[in-house]
Amino acid sequence: MADKRGGDMKVPISPSIPSGNDTVWADVSSLLRLACNDLRSDELISGENFNLFAAMSALEIMDPKMDSGIVSTYYSVDEAIDNGAAPVPLSFDRTIDIQCVIDIMDHLLACEATWHKGGSLAQTVFSCIYLLRPERTSSHALLHSFCRVIRTTCNAVVSAVSDARTNEEEDLFIMAYGLQLKGDGDEKCLSMLHAVEETISRQLKACKAPLSKRRVVEDVEPLQNNLDLEEGYCKAVLCRLRFRKHFYHVLTCLRRPQGKGLELAKKHIVACLSELDSMLKSEEFLRHNCACEISRDGIEDKTTASGCQPVGFDSTLNSRSAAPTPPRSIKLLGWKKAVNYFQKLLHDLDIICSYSLDPVLEYALRFVVDFQKVQPDLVARAYLQFLLVQDGKLYGREPMFVVICKAALLPEGTKNHNIQKNETVVQLGQLLISLLRVLCTNTAWQRRKLGKILQDWRIIYVQLELAFRKEYGDITCTSIDQNVCLKICKNILIWVEEQTYWIALRFLMLGFELELYSPSEYCMVYWYIYVILIKLAEKTHLKMMLNNDSGRRKAKKKRDLVKDMGKDFQIPPAVLLLQCYIYVAEGLMMMLASLRNEHKVFLCLGPFNSEQERFIQHFELLQKVCLPDHASYLSFRETTARARFSTLSMHNCFKDAQRIAKELRANFANDPDRIAELRRIEQVAEHNCVALNLVSRLGTLEPSLKISFEFSHHPHFASAAVKRS
Amino acid sequence: MSASEGMSASEGIEYVSYGGEHHLPLIMKLVDQELSEPYSIFTYRYFVYLWPQLSFLAFHKGQCVGTVVCKMGDHRHTFRGYIAMLVVLNTYRGRGIATELVTRSIKVMMESGCEEVTLEAEVTNKGALALYGRLGFIRAKRLFRYYLNGVDAFRLKLLFPRPEPNYSESRIASEDYTNELADGDNLVPYKSCH
């Protein structure tokens, strides 16, 4: 838009900046000035590199939605302090002072929970002026020690999450914006906290002592002035201090190598939960005796137990440093919700601490997958990841090659085999580590990542095959013999395939949890799950069959698997369970296909594309790596195109699933999680059996009958519901 | 295209292709009113100046009651359309205005050689999800806490049919999957609702 006038101008070469080999510095001020005269307000010059990000990065000055500077109360922390925003002490009336300190403690808890839930540290915990100027509180032992332990805890959590970090989406959590997370003497925070706690528990004892004994403890100065309220305030402060102490202990115990601190962490978790209960109990006392006038409206949103607005916080102070996005006002969690958040976090951490650190990969994978079902937040997931992978070993104990040997059902002796030094085998170990890490990330990111790493697992299979062949000749032509090397190669290859199908299955299943599939797509999704399950069962079975020697039985015993595993003529329970899933998936796929074919419901119709395009998009990552071979939209259509209710009732897959699930109960009697899963499968099968019979009997669907698919019994396998509208 | 050329009437609603600077304040007012994300005027200009043919407005008795703003371009060897904003005044929803607006944009994208169309929508925006579902969009990904309000988004995708049977394989094989964050230049989230 700069016109000819600018084009004719001579741009003077600036003598003040020396030119380089390829650069000449020029003064363009006059050119710019002319161009500016040409532009009206709101106009812009669009250059080739002017992209959407550049357009969206523009801020409109003085627009409160965009200009973070405009909404600040103070220009600096010092100005806020000079204006009396964070006095020390908070009041010369010691009762009011203690009330205010408790409000600060509660508000900090709300801030901390909001931060864990995705708010920025600068706008939550570090909106506390006392935290920003730690030296100012040194005369106030209670506030000072509390602020220190908060900062130290934040630092511990940031380092745990950043050490475990595997994805960019949750990066906001660890951004410290140059805030002072570590202060001199913070390592002494626990001893300071302990000293304060001691003093207050003596004060509590003193006020509870009968009059006759009071003389002995007369030298104890009360926490505040009003003796009637002394016990209540002492208790309210104590539970808050003790919660912080135990919580900090939990975090440090969880960081001990090789899961050595888990037992102790569990004890501190119990203590934390009990202190949180005491905090909830103190609410009534604090609300009753608070100094401020509060209405009952919006009590849920209050960030303190008393309901009072805390002194010493300003969330706009750090807004200018809260890059990269323009800061928005954050809605803090209410105090009660914050307490609930910590209860949930502690329960999640308790699940981690209760884990047996089973060296068998299958159990570790199942543990992580089950843990994700309770929808843990970032902090709990980070600590789980730290536990799983340390120093490149499982739990910091088991080298990956040993883990792989066990997973491939190789005998104990193979773990020292030289083959572990092979470069490709080392890479396989790395792939397994990254799989474990990915499984700890949020499920949305996890699914995307799983889809991508499938390619790595397909490639490593080919590379391993080549590497093994190079070292030991053509293994596929040789039958199983005494050669240990051949056995290792063969078993590892089968295990890699099995693991690849496991990843593919998890990828597909997560789609349900993330609500990525619409009911009209369920048919193709269950078809895909069905074909993947068949391959998975095949590989698992093959792996187990290959190990038909005594070494395998020994390994089995150690794994405490079911007793009848030794009987080789029987299908192993692990495979039978997969068979059970296969029947449910097949049943759902065929029921949906029949509904589509006969009743013209759940069809993929749209003005712009067909079902095939939806198929390509949903499964492109699987198709790209031929998982499984020959699976295509065409094969899906071939399987489902002729499905009819009349033929379904002849071969009812749901009945087969029910039968197997019942049979398997005895095999998994010692595994409550598996029993619960079997129960869920049975329920799904039972409900679908009934629905299938009903729809078949009716012949044509009455217009008033609506059939829908719900995840009421199982997160991945839908139950059909037939309702009259 | 002039306003009169692009007009068609259904239930008293007139649909008009973006016709120039006089339409800009109407679009801005509507988006500002109905969506919480703050967009600077440069963002609007970026879209409507580069792809005026992809933006449409819906009028009722002279009042602008709905608009759609889009772009298209190369994205990892794929020519892709992107729906940036879709807004219909609250009181005018449920009358198929959003569907008509977005359908017009998608048609132009298809005619212009786009292979696919994408957008993001809040997981809680049931109305938008149903609308795009009917048009053949799939939920390709879930984006964790995509919006600044902490809500997840779905990335919705509509793939157009391809004439060549082997096209999909060759396209997929050449795609670069290494950098997740470079997935679109829309680093700052958009809300789309109707």
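None of the values given here were measured: they were computed from a predicted structure.

A closer look at the overall build of chain A
Part 1 of the reasoning: When helices and strands are counted, chain A shows 25 helices and five strands.
Part 2 of the reasoning: For chain A, the residues scored as buried account for 54% of the 725 residues in total.
Part 3 of the reasoning: Of the contacts formed within chain A by residues at least 6 apart in sequence, a portion of 75% connects residues at least 24 apart.
Part 4 of the reasoning: Of the accessible surface of chain A, which amounts to about 33400 Å², a share of 53% is contributed by carbon and sulfur atoms.

Regarding the nonpolar core
The tendency in soluble globular proteins is for nonpolar side chains to be buried side by side.
Part 1 of the reasoning: Residues A:I492, A:F709 and B:I83 are the most contacted members of the largest nonpolar core, which totals 287 residues.
Part 2 of the reasoning: Of all the elements, helix α20 (residues 573-599) of chain A adds the most residues to this core, at 17 residues.
Part 3 of the reasoning: In contact with A:F709, other than residues within four places in its own chain, are A:Y522, A:L588, A:M591, A:L592, A:L595, A:F602, A:A718, A:S719 and A:A720.

A short note on the environment of A:A718
Part 1 of the reasoning: Structurally, the position occupied by A:A718 is in the loop between β4 (705-710) and β5 (719-724).
Part 2 of the reasoning: Remark: the alpha-carbon pair of A:A718 and A:N688, spanning 30 residues in sequence, is separated by 8.5 Å.

Quick look at the sheet that holds strand β2 (residues 393-394) of chain A
Residue and element names in this part refer to chain A.
Part 1 of the reasoning: Strand order in this open sheet of three strands is β1-β2-β3, and the pairing throughout is antiparallel. Pairing within the sheet leaves two strands with one partner each, and these edge strands are β1 (389-390) and β3 (398-399).
Part 2 of the reasoning: Bridge count for β2 against β3 is two bridges, and the pairing is antiparallel. Considered in β3, the bridge of K393 is made with P399.

Quick notes on helix α1 (residues 24-34) of chain B
All names here are of chain B.
Part 1 of the reasoning: What α1 keeps buried is the set L24, I27, L30 and V31. Projected down its long axis, α1 carries its buried residues within an arc of 140 degrees, all on one side.
Part 2 of the reasoning: In this structure, the buried side of α1 is in contact with α2 (41-50), β3 (56-60), β4 (63-75) and β5 (78-88).

Some words on the confidence of the model for chain B
As a general rule, the predicted coordinates of low-pLDDT regions are not to be interpreted in detail.
Residue and element names in this part refer to chain B.
Part 1 of the reasoning: Here chain B averages 82 in pLDDT, and 78% of its residues register 70 or above.
Part 2 of the reasoning: Contacts from residues 166-194, a stretch scored under 50 in pLDDT, to residues over four places away or in other chains number 91 contacts.
Part 3 of the reasoning: Of the two predicted TM-score estimates for the complex, the pTM is 0.87 and the ipTM is 0.84.

Some points on the pairing of β5(B)
Residue and element names in this part refer to chain B.
Part 1 of the reasoning: The element β5 is extensively covered by neighbouring structure, given that ten of its eleven residues are classed as buried.
Part 2 of the reasoning: The pairing of β4 with β5 spans ten bridges and is antiparallel. From the neighbouring strand, M72 faces β5, where its bridge partner is G81.
Part 3 of the reasoning: Between β4 and β5, which pair antiparallel and follow one another directly, the connecting turn spans two residues, one of which, R76, has a positive phi of 50 degrees.
Part 4 of the reasoning: As defined by bridge partners, β5 adjoins strand β6 (residues 116-122) across three bridges and the pair is classed as parallel. From the neighbouring strand, G81 faces β6, where its bridge partner is V117.
Part 5 of the reasoning: For the crossover that starts at β5, traverses helix α3 (residues 97-111) and ends in the parallel β6, the hand is right-handed.

Things to note about the side chain of A:Q499
Residue and element names in this part refer to chain A.
Part 1 of the reasoning: Residue position: Q499 is located in helix α17 (residues 484-513).
Part 2 of the reasoning: A relative accessible area of 5% places Q499 in the buried class.
Part 3 of the reasoning: Leaving out residues up to four positions away in the same chain, Q499 has contacts with L361, L365, L435 and W457.

A word on the confidence of the model for chain A
Residue and element names in this part refer to chain A.
Part 1 of the reasoning: Residues at a pLDDT of 70 or more form 88% of chain A, whose mean pLDDT is 88.
Part 2 of the reasoning: The secondary structure element of chain A with the lowest average pLDDT is helix α1 (residues 4-8), at 45, and the one with the highest is helix α11 (residues 335-353), at 98.
Part 3 of the reasoning: Residue range residues 1-7 is modelled with pLDDT below 50. Its contacts to residues more than four positions away, or to other chains, number ten contacts.
Part 4 of the reasoning: Confidence drops under a pLDDT of 50 for residues 550-568, and excluding neighbours within four residues, the segment shows 27 contacts in the predicted structure.

Conventions adopted
Residues numbered from 1 in each chain as written. Chains lettered and ligands numbered in written order. Predicted model: local features only at pLDDT ≥ 70, side-chain atom pairs only at ≥ 80, totals over all residues. Heavy atoms only, no water. Helix = DSSP H or I, 4+ residues; strand = E, 2+ residues; numbered from the N terminus. Buried < 20%, exposed > 50% of the residue type's maximum accessible area, 1.4 Å probe, protein only. Contact = heavy atoms within 4.5 Å. Areas by Shrake-Rupley, 256 points an atom, 1.4 Å probe, with all protein chains shown as cover. Core = buried A, V, L, I, M, F, W, Y, C linked by side-chain atoms within 4.5 Å. Pairing = 2+ DSSP bridges. Arc of directions from axis to C-beta. pLDDT = per-residue confidence, 0-100. Right-handed = clockwise from strand over helix to strand, strands pointing away.

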